[in-house]
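# Coordinates in review
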Amino acid sequence: RRDLLSLAGGAALLLSPLSFAAPALAKGEGAPGTWAFRPKGSTFDEAEVTEGFTVLENGLKYKDVTAGSGKEIAEGTGVRMNFAGYVLETGKEFDNSWDKGRLLGFKVGSKAAIAGLEEGIKGMKFGGRRILVIPSSLAYKGKRVYGGLIPADSTLVVYVQAMEEGGFFGFLESPNAWLVGSLPEEKPKKIKKEIECFNPKGCF
């Protein structure tokens, strides 16, 4: 896929041919991904990111919204998923695949995505829906990415839906955008073109 998010503490995401999802649909009742959409301008209250969550030693939190019925995701599994990502501290959305109409794909354990995303989907079954609360140490740490939508040291809240097993890469703006260490940390500037980025090293 060509411009996605890489949620690891500084590392990367994917590389090969992408998997296109259905054309993006406007947000609204009955639209795909509605369960993961939040009112614009809303913020998270404590209960939303604590109640019902499993908390791991590294600070990663997850909660299953819907249990899948497919194969369980484990190290080495190729995953194609839909996602919507928000910054916990501000409530702002920084990206979502439903609006773009294409899936995010990567191989679990490849360090193509940020550590919190790769670890957070392990144990899910295809078809399932899960909410992840990813501390900055497992995301972009002190980097400012996504054109400033994700400030340094931000905690991310990512809604994920595991769609299918398959190709490891997405359709990226830069073929190497998801390679670990492929791009430098973003320098403060005005970004005109929106780019998806789960690259732990940052994508600008």
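Structural data are supplied above this passage.
Described below are features of the structure shown in this document. Source: prediction; values computed, not measured.

### What about unusual backbone geometry?
Positive phi is not limited to glycine here, since Lys-141 has a value of about 50°. Topologically, Lys-141 is positioned in the loop between strand S6 (129-134) and strand S7 (156-165). In this structure Lys-141 comes out as partly exposed when scored by relative accessible area, which is 41%. Phi is positive for Tyr-146, which is not a glycine, with a value near 60°. Within the secondary structure, Tyr-146 is located in the loop between S6 and S7. The class for Tyr-146 is buried, based on a relative accessible area of 4%.

### Let's talk about the packing of aromatic side chains
Taken as a whole, this structure holds 6 aromatic pairs when the rule is applied. Ring geometry for Tyr-86 against Tyr-159: centres 5.6 Å apart, planes inclined by 75°, an arrangement best described as edge-to-face. With Tyr-86 in strand S3 (residues 78-87) and Tyr-159 in strand S7, this residue pair connects regions lying 73 residues apart in the sequence. An aromatic cluster is built from Trp-35, Phe-37, Phe-44, Tyr-86, Trp-98 and Tyr-159, whose rings are joined through pairwise contacts.

Rules of the game
- Residues numbered from 1 in each chain as written.
- Predicted model: local features only at pLDDT ≥ 70, side-chain atom pairs only at ≥ 80, totals over all residues.
- Heavy atoms only, no water.
- Helix = DSSP H or I, 4+ residues; strand = E, 2+ residues; numbered from the N terminus.
- Buried < 20%, exposed > 50% of the residue type's maximum accessible area, 1.4 Å probe, protein only.
- Phe/Tyr/Trp six-rings, centres within 6.5 Å; stacked < 30°, edge-to-face > 60°.

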